[in-house]
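Observations on the three-dimensional arrangement
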Amino acid sequence: MSPSDTDEGGPPLTEDEAEDLLRCICFKTGPPRTVGVEVEWLVHELRDPRLAVSGRRLEEAFGGLRSVPLRSALTFEPGGQLELSSPPAMSLMECVDTVSADLTAVRTALRPHGLALAGHGVEPWHAPRRRLLREPRYDAMEEALNRSGPSGRAMMCESASVQICLDAGHEEPGPLGYGRRWQLAHLLGAVLVAAFANSPVHGGRRSGWRSMRQALWTDIDPVRGLAPPPFQEPRAAWAAHVLDVPVMCVRASEGPWEVPEGLTFREWLRDGRRRPPTAADLAYHRTTLFPPVRPRGHLELRMIDAQPGDDGWIVPLAVTTALFEDPAATESVYRAVKPLAETAGSLPAPRNPLWESAARDALTDPDLHAAAVTAFELALEALPRLGATDAVQARVAAFHERHVVPGRCPADTPHPPAPGKDTGR
């Protein structure tokens, strides 16, 4: 659990203690058995999703949602995006059933307000703006990210994703070992970007990217959105990365938070001018890093665009879970994606040629297309072994036939123009 926004207490932290905490906390190993999902949604007008919704209407509707009984955690983002985070589930179907029921309850509560959930990786039609959460945390985040350009504001206010959470894996080597799973996540992750790319329209126009969301996340900051360097031991690489990323802000119990420029957490630990950082500060700092795979005791896969349709999110959840949790599928898909490391090269994800091609070209890239076909075939074989229902298997099979086999992704489905935009016809 993240520290509260104003929790500054605790004894000062040394550099060695910080490294030890990161190594112990971020990769908790054991037999993979639990799965979770975080589904983010844009909130649009029910009568016409291309019309903007005011912050006042969102606040009224979201206020009512707080009394709706849900098993998932309900949170909101600065641009008015809505997020449901499932509790850890002991099976794929438990996770699917829980979130499906919660989404039904949320949609039912929003309907009287004339609002609906929309699955796009980025807001297709409207400029990014903060409509909610006028709090010191988000003020500081906006100030820090604005230093690198407009992508950070867009990320805060108009992006939405399907984030899949899986156990880190066994301590020992093998298909389910944490080292293999870490490497698999960064190679298969590019395939997932490509297969589920669903954000080609930005600002009412086609952007040239099939996953504009991934392009924005890549561009938010020189290092904050990056994975650690590849080909290194995961615990050591992640600990060093966290300490060497600049601090986004120094929290305060009163008043605005300081937004230092270029001060890494390691330098803060050594800096005698500010208050000494605590374990709570380190925990908060970790939440301000946005790599495509974030170790939080479990692995949080953050690279998948929000999907179209009420149940589109189920497909990436089912496919990813099958490929990580079924040992036979895991071993086979690792062999299938391992050659992609040559394309990725020595640069960290997502700022390398493999991930750039996934976001821009998606499954028109022949290597990513071949890997996706194999991955979906393996997932379809594994899903019955994981107890997936016929309905879930059918959804994955339909996506496979409609998109993956012909080398298409959801972004290749035409989007309607925004009101008032010239369609060129």
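Residues numbered from 1 in each chain as written. Predicted model: local features only at pLDDT ≥ 70, side-chain atom pairs only at ≥ 80, totals over all residues. Heavy atoms only, no water.

What follows deals with the overall build of the protein. Broken down by element type, the protein carries 16 helices and 9 strands. For 425 residues, the compact-globule estimate of 2.2 N^0.38 gives 22 Å, and the protein sits close to it at 21 Å. Split into buried and exposed, the 425 residues of the protein put 56% on the buried side. Across the protein, the fraction of contacts at a sequence separation of at least 24, relative to all contacts at a separation of at least 6, is 76%. Summed over its atoms, the accessible surface of the protein is roughly 17000 Å², and 53% of this surface lies on carbon and sulfur atoms. Between the centroid of the 46 positive side chains of the protein and the centroid of its 56 negative side chains there is a distance of 4 Å. (Helix = DSSP H or I, 4+ residues; strand = E, 2+ residues; numbered from the N terminus. Rg over C-alpha atoms; globule rule 2.2 N^0.38 Å. Buried < 20%, exposed > 50% of the residue type's maximum accessible area, 1.4 Å probe, protein only. Contact = heavy atoms within 4.5 Å. Areas by Shrake-Rupley, 256 points an atom, 1.4 Å probe, with all protein chains shown as cover. Lys, Arg positive; Asp, Glu negative; His and termini not counted. Charge placed at Lys NZ, Arg CZ, Asp CG, Glu CD.)

Rolled over the atoms, a probe with the dimensions of a water molecule shows which regions are left empty. By volume, the second largest pocket amounts to about 390 Å³. For the second largest pocket, the lining is made up of 22 residues, of which Gln307, Pro308, Gly309, Arg402 and Pro410 are closest to its centre. It is helix α16 (residues 390-404) that provides the largest number of residues to the lining of the second largest pocket, a total of 5 residues. Of the residues assigned to the lining of the second largest pocket, the class counts are 10 nonpolar, 10 polar and 2 charged. (1 Å grid on protein atoms, 1.4 Å probe; cavity = no way out; pocket = protein on both sides within 12 Å on 5 of 7 lines; lining within 4 Å. Points joined across faces, edges and corners; volume = space filled by probe spheres on them. Nonpolar A, V, L, I, M, F, W, Y, C, P; charged D, E, K, R; others polar.)

What follows deals with the confidence of the model for the protein. Looking at the protein, the pLDDT average stands at 92 and 95% of residues meet or exceed 70. Scored below 50 in pLDDT, residues 417-425 shows 11 contacts in the model against residues more than four places distant or in partner chains. (pLDDT = per-residue confidence, 0-100.)

It is worth spelling out the pattern of salt bridges at this point. Summed over the entire model, instances satisfying the criterion amount to 29 salt bridges. Note that Glu15 and Arg266 form a salt bridge whose closest N and O atoms lie 2.8 Å from each other. Of this pair, Glu15 sits in helix α1 (residues 15-26) while Arg266 sits in helix α9 (residues 265-270), and the two are 251 residues apart along the sequence. When the shortest N-O distance is used, the salt bridge between Asp281 and Arg251 registers 2.9 Å. (Salt bridge = Lys/Arg side-chain N within 4 Å of Asp/Glu carboxyl O.)

Attention now moves to the packing of helix α11 (residues 314-325) against helix α15 (residues 366-382). At their nearest, the axes of α11 and α15 sit 8 Å apart, and the two run at 80 degrees to each other. Classified by the angle between their axes, α11 and α15 sit roughly perpendicular to one another. Between α11 and α15, the contacting residues are Val315, Val319, Ala322 and Leu323 on the first element and Ala375, Phe376, Leu378, Ala379 and Ala382 on the second. (Axes fitted to C-alpha atoms, helices over the stretch in contact; angles between N-to-C directions. Parallel < 35°, antiparallel > 145°, perpendicular 65-115°, else oblique.)

For the rest of this paragraph, the subject is the side chain of Arg286. For Arg286, the position within the fold is in helix α10 (residues 279-287). Buried charged residue Arg286 carries no salt bridge. Nearest counter-charge: Glu300, at 9.2 Å. Contact partners of Arg286, with chain neighbours within four places excluded, come to Leu22, Ile25, Cys26, Val242 and Arg294.

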